[in-house]
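Here's the letter readout for the chains.
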Amino acid sequence: MITIAREHGTAGKHIGQLVAQRLNIPCYYKEMVAVAAKESGLAQEFISGINSDENAVMQELYLTANPVQRAIAAQDKAIRQIADAGACVIIGRSADYVLREYQNIVRIFIYASKEYRTKKVSEMYGDSPEAAQKSIARSDVARAAYYKNISGHVWGDPHRYELCINASMGEDAAANLICGHIKRMELV
């Protein structure tokens, strides 16, 4: 299993999809949300938003609310069910922590400079550089708070990952680096 955590604006989702394609294994991103919604009886939109930047202002209080904790538990269960099914790429949702007890897992963190991320967010969403920088800052705060809430650890700490990759090398190069590492480890 490969988990990919990423800073906003690194194209980490696309890199993960490329890795899955090249290794011929499934890739999960939003699919976990549908499984968690079915399991918990909560709306997909609610579960999808639990680590969104929209909640950044009151993130700690928000993350401790009972419905949110129920959604997090359902999402964690969905991640484990997906992992139990076999080799895959799981993007986001703190899967690296959720699957911490699993064997044969490679945890990857994708990062890049603010300049690279600002340019990428502007390209992907049509944001002005100022709006892109605000979006990046909000997203980073929300992801860090979510990860800290469920794990007690610092999001993006390089000691918690087997690979930390600078996305500015390009999406194809990053995917190739990950695939090369996986093949050297003989995991797929």
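Residues numbered from 1 in each chain as written. Predicted model: local features only at pLDDT ≥ 70, side-chain atom pairs only at ≥ 80, totals over all residues. Heavy atoms only, no water.

A. Representation of the side chain of S122 in the model. Tracing the sequence through the fold places S122 in helix α7 (residues 114–125). Separated by 3.0 Å, the side chain of S122 and the backbone oxygen of T118 make a polar contact. (Helix = DSSP H or I, 4+ residues; strand = E, 2+ residues; numbered from the N terminus. Polar contact = N/O pair within 3.5 Å; in protein donor to acceptor, adjacent residues only side chain to side chain.)

B. Seen up close, the environment of Y97. Within the element layout of this structure, Y97 appears in helix α6 (residues 95–98). You can call Y97 buried: its relative accessible area is 15%. Distance from Y97 to D76, taken between C-alpha atoms, is 9.6 Å for residues 21 residues apart in sequence. Excluding residues that lie within four positions of it along the chain, Y97 makes contacts with Y147, I150, S151, H153 and R160. (Buried < 20%, exposed > 50% of the residue type's maximum accessible area, 1.4 Å probe, protein only. Contact = heavy atoms within 4.5 Å.)

C. A look at the sheet that holds strand β4 (residues 106–111). The strand order across the open sheet built from five strands is β2-β3-β1-β4-β5, with neighbouring strands paired in parallel fashion. The sheet is open, and its two borders are formed by β2 (27–28) and β5 (163–166), each paired with just one other strand. Each of β1 (2–6), β2, β3 (89–91) and β4 is contacted by helix α1 (residues 12–23), which is oriented at about 170 degrees to β3, the strand it contacts most. On top of the sheet, helix α9 (residues 171–185) reaches β1, β4 and β5; it is set at about 160 degrees to β5, its chief contact. (Pairing = 2+ DSSP bridges. Axes fitted to C-alpha atoms, helices over the stretch in contact; angles between N-to-C directions.)

D. View of the nonpolar core. If you look at the biggest cluster of nonpolar residues, it comprises 23 residues, and the most contacted ones within it are I2, I15, V19, V89, I108 and I178. Contributions of two or more residues to this core are made by β1, α1, β3, β4, β5 and α9. Residues in contact with I15, not counting those within four places in the same chain, are T10, I110, A167, E171, A174, A175 and I178. With 19 residues, the next largest nonpolar core counts M1, C88, A95 and Y97 among its residues. (Core = buried A, V, L, I, M, F, W, Y, C linked by side-chain atoms within 4.5 Å.)

E. Structural detail: the pairing of β1. Along β1, five of the five residues are buried, which leaves the element largely enclosed by surrounding structure. Where burial is concerned, the two faces of β1 agree: the one with I2, I4 and R6 and the one with T3 and A5 are both buried. In terms of strand pairing, β1 meets β3 through three bridges, oriented parallel. Its bridge partner lying in β3, I2 is registered against V89. Relative to β4, β1 runs parallel, the two sharing five bridges. Bridge assignment links I2 to a residue of β4, and that residue is V106.

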